[in-house]
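Take a look at the letters that make up each chain.
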Amino acid sequence: SQNKLMSYFGRVNYSYDSKYLFQATMRADGSSRFAPGNQWGYFPSASAGWRISQEDFWNVSWMNDLKIRYSYGQLGSQNVGNYDWMSLINSYTAYNFAGGLSPTAGQAIVELSNNDISWETLIQHNFGVDMAFLNNQLLVTAEYYISKSEDCLYNQEILRVTGATNNPVVNSATLSNRGVELRSEERRVGKECRS
């Protein structure tokens, strides 16, 4: 049993005067776990930020830093078996014909194939605010995210009369999630001791 994964990615960063921030990434992933024609997935991402506290009009003494940002990104998942896109045949199957006493050797498909399975894609939007107070000793981050998984890889139940013992993998679901994250960090400035 073996599988192969190959990835290419490129990234561009841009910062103007530490106030306007931009980043873009393009990623291409190829996996042997999918059938030829579906092996490659392409996943872009980008982010932009504005450090308002660096502007000339900023005059808030009790807040040392304020940055707002937005990001969009896609990630891929290949969470399937190595050969789920191929039909598996069991050659140890035996059949009795016309009431025969000795079984006749044969073969049977035990796992149905699905050549159409492809990458599961996670799409996420993030809206964030970063703040610093008390001479940068207290850092606070607030973030709102919207996450959506498309073409989720799932084992679809099928009738056993097909003769297959395993449920084939399909891209069959969409899952959405959203929420708010709040984080704070306190930085303690130690005193330098000299003797």
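Summary of the structure given here.

Criteria and cut-off values
- Residues numbered from 1 in each chain as written.
- Predicted model: local features only at pLDDT ≥ 70, side-chain atom pairs only at ≥ 80, totals over all residues.
- Heavy atoms only, no water.
- Salt bridge = Lys/Arg side-chain N within 4 Å of Asp/Glu carboxyl O.
- Helix = DSSP H or I, 4+ residues; strand = E, 2+ residues; numbered from the N terminus.
- Buried < 20%, exposed > 50% of the residue type's maximum accessible area, 1.4 Å probe, protein only.
- Pairing = 2+ DSSP bridges.
- Axes fitted to C-alpha atoms, helices over the stretch in contact; angles between N-to-C directions.
- 1 Å grid on protein atoms, 1.4 Å probe; cavity = no way out; pocket = protein on both sides within 12 Å on 5 of 7 lines; lining within 4 Å.
- Points joined across faces, edges and corners; volume = space filled by probe spheres on them.
- Nonpolar A, V, L, I, M, F, W, Y, C, P; charged D, E, K, R; others polar.

**A closer look at the pattern of salt bridges**
Next, step 1: Per the counting criterion, the structure on display carries ten salt bridges.
Next, step 2: For D65, the salt bridge identified is with R51, shortest N-O distance 3.3 Å. With D65 in strand β4 (residues 63-77) and R51 in strand β3 (residues 40-51), the pair connects residues that are 14 residues apart, well separated along the chain. Of the two residues, D65 and R51, neither departs from the other in class, the shared state being buried.

**Description of the sheet that holds β3**
Neighbouring strands of a sheet are bound in pairs by backbone hydrogen bonds; such pairs are parallel or else antiparallel.
Next, step 1: Spatially, the seven strands line up as an open sheet ordered β1-β2-β3-β4-β7-β8-β9, and their pairing is antiparallel. Sheet topology places β1 (5-16) and β9 (169-186) at the edges, where each strand pairs with a single neighbour. Averaged over all pairs of adjacent strands, the angle between strand axes in this sheet comes to 10 degrees, irrespective of strand direction.
Next, step 2: Inspection of the sheet shows strand β7 (residues 120-133) paired to strand β8 (residues 138-155) by 13 bridges, in the antiparallel sense. The residue of β8 that forms the bridge with V129 is A142.

**Comments concerning the layout of surface pockets**
Next, step 1: Considered as a void within the structure, the largest pocket measures approximately 380 Å³ in volume.
Next, step 2: S45, A46, Y72, G73 and Q74 are, among the 21 residues lining the largest pocket, the residues nearest its centre.
Next, step 3: With seven residues, β4 is the largest single contributor of residues to the lining of the largest pocket.
Next, step 4: Grouping the constituent residues of the lining of the largest pocket by class yields nine nonpolar, nine polar and three charged.

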